[in-house]
Amino acid sequence: MNGTDDLQPDDEADDGESLSASLEDLANSVRERQGKTRRSDDKERSEDNSFEWVNVPEQEETHTTDSIPFETIDDASDVLVLGPVQGADCDRNCTALLSYAVPDRTNILAVTVTRSANDWLSMWQRYSSGSPASMVVVSLGEETGGAPASTTISTQSGPEQITIETVSDPSDLTRLGITLSRLISDISTEEERTAVCVHSLTALLQYVEPRRLFRFLHIFRGKLSSVDAMAHYHMDPDAHDKQTVGVFRSLFDTVVRITDDGDLEIVSAP
């Protein structure tokens, strides 16, 4: 897959892999939230996109990777993570999945709907003990306050640079697809690994009907596979009916869940 048109969802195109009739029914089971605003604290975001990368103090909690079943997921191109999409357990496992390879040889792409770009960067610093080769954060639904939709931040002790991209409308999968296709092509190299986080499917389903999101993910996963990237996608099973969760699980060969103890447990694998 090449070019920026790869990830543009075309509802009139032939699916190639038809979705089941039950998937169409799912669209009616998700409440319409197109006009829903981001959480109230978004209103208090600063218009200043600056972010200072600081070294994590030794006493700051970091996540041990001992509980991550890397021997199972190492060869997986993408992983569905079932569990809470907020809180320390989610953040620790997300960071560990992104950074378990050699951090300084990993390019990270994070897509976030539930938190601002600065919040996501702060989460990374808290739970990661390493610095990636490069980092890109795509923030959906974040108002720029007149600032450019793309901002590059230079750091002294972290990655050489951090790029923050903003897609103001989370339901605009066409623009999101064009943005992600360009960024994936920009950061993918033969020498370094590309690691991707989508946080989260649960949040995206507040803005996009299941059928459209399913189609988008099918194309997106193909793009990632073409550059040998590893991606994980967060989804809270308690926020959806079993039918919705089951349909999206069918996209992934590898599914893990966050246990009550905060560890990752294999649900299914090739």
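None of these values were measured; they are calculated from a predicted model. (Residues numbered from 1 in each chain as written. Predicted model: local features only at pLDDT ≥ 70, side-chain atom pairs only at ≥ 80, totals over all residues. Heavy atoms only, no water.)

(A) Geometry of helix α5 (residues 173-187). Taking 1.5 Å of rise per residue, 15 residues should cover 21 Å, and α5 covers 21 Å from first to last C-alpha, within 8% of that figure. Within α5, burial applies to Leu173, Leu176, Gly177, Thr179, Leu180, Ser181, Leu183, Ile184 and Ile187. Those residues of α5 that are buried lie in contact with β2 (106-112), β3 (134-140), β5 (161-167), β6 (193-199) and α7 (210-226). (Helix = DSSP H or I, 4+ residues; strand = E, 2+ residues; numbered from the N terminus. Expected span 1.5 Å × (residues − 1). Buried < 20%, exposed > 50% of the residue type's maximum accessible area, 1.4 Å probe, protein only. Contact = heavy atoms within 4.5 Å.)

(B) Geometry of the nonpolar core. Core analysis: the biggest nonpolar cluster contains 39 residues, and Leu109, Val138, Phe220, Tyr233 and Phe248 have the highest contact counts within it. Valine 138 has contacts with Leu109, Ala110, Val111, Thr112, Glu165, Val167, Leu176, Leu180 and Leu183, leaving out every residue within four places of it along the chain. If you look at the next biggest cluster of nonpolar residues, it comprises 16 residues, including Ala110, Trp120, Ile164 and Ala195. (Core = buried A, V, L, I, M, F, W, Y, C linked by side-chain atoms within 4.5 Å.)

(C) Main features of the packing of α5 against α7. Relative orientation of the contacting elements α5 and α7 amounts to 10°, with a least axis distance of 11 Å. By the angle class used here, α5 and α7 are roughly parallel. Where α5 approaches α7, its residues Leu173, Leu176, Gly177, Leu180, Ser181, Ile184 and Ser185 are matched on the opposing element by Arg212, Leu213, Phe216, Phe220, Lys223 and Leu224. Of the residues belonging to the contact of α5 with α7, the class tally is 8 nonpolar, 3 polar and 2 charged. (Axes fitted to C-alpha atoms, helices over the stretch in contact; angles between N-to-C directions. Parallel < 35°, antiparallel > 145°, perpendicular 65-115°, else oblique. Nonpolar A, V, L, I, M, F, W, Y, C, P; charged D, E, K, R; others polar.)

(D) Structural context of the pairing of strand β1 (residues 78-82). The element β1 is largely enclosed, with a buried count of 5 among its 5 residues. Neither face of β1 is open: one carries Asp78, Leu80 and Leu82, the other Val79 and Val81, and all of them are buried. In the sheet, β1 pairs with strand β7 (residues 230-235) via 5 bridges, with the strands oriented parallel. Bridge assignment links aspartate 78 to a residue of β7, and that residue is alanine 231. Pairing of β1 with strand β8 (residues 254-258), which is carried by 4 bridges, proceeds in the parallel orientation. Looking at β8, one finds that leucine 80 is bridged to valine 255. (Pairing = 2+ DSSP bridges.)

(E) Geometry of the packing of aromatic side chains. A full pass over the atoms with the stated rule returns 5 aromatic pairs. Each ring, one from phenylalanine 216 and one from phenylalanine 220, has its centre 6.0 Å from the other, and the planes form 15°; the classification is stacked. Placement of the pair is phenylalanine 216 and phenylalanine 220 together in helix α7, with a separation of 4 residues, close to one helical turn. Given a relative accessible area of 3%, phenylalanine 216 falls into the buried group. You can call phenylalanine 220 buried: its relative accessible area is 1%. Aromatic pair tyrosine 233 and phenylalanine 252: ring centres 5.0 Å apart, planes at 55°, arrangement tilted. Residue tyrosine 233 is found in strand β7, and its partner phenylalanine 252 is found in the loop between α8 (242-249) and β8; the two are separated by 19 residues along the sequence. Among the residues examined, tyrosine 233 registers a relative accessible area of 0% and is labelled buried. With a relative accessible area of 5%, phenylalanine 252 lands in the buried category. Ring pairs connect the aromatic residues Phe216, Phe220, Tyr233 and Phe252, which therefore count as one cluster. A cation over an aromatic ring shows up here: arginine 221 above the ring of phenylalanine 252, its NZ or CZ 5.5 Å from the ring centre. (Phe/Tyr/Trp six-rings, centres within 6.5 Å; stacked < 30°, edge-to-face > 60°. Lys NZ or Arg CZ within 6 Å of the ring centre and 35° of its normal.)

(F) Up close: the confidence of the model for the protein chain. Averaged over every residue, the pLDDT of the protein chain is 78; residues scoring 70 or more account for 68%. For the protein chain, per-element mean pLDDT is lowest for helix α1 (residues 21-29), which scores 41, and highest for helix α6 (residues 201-204), which scores 98. Contacts for the low-pLDDT stretch residues 12-50, under 50 throughout, to residues beyond four places or in other chains number 59 contacts. Contacts of residues 54-65 to residues separated by more than four positions or lying in other chains number 20 contacts, the stretch itself having pLDDT below 50. (pLDDT = per-residue confidence, 0-100.)

(G) View of the state of the cysteines. All chains considered together, the criterion is met by 0 disulfides. Here cysteine 94 stays unpaired: no disulfide links it, and the sulfur of cysteine 197, its closest cysteine neighbor, is 3.5 Å away. Taking relative accessible area as the criterion, cysteine 197 reaches 0% and is therefore assigned buried. (Disulfide = S-S within 2.5 Å.)

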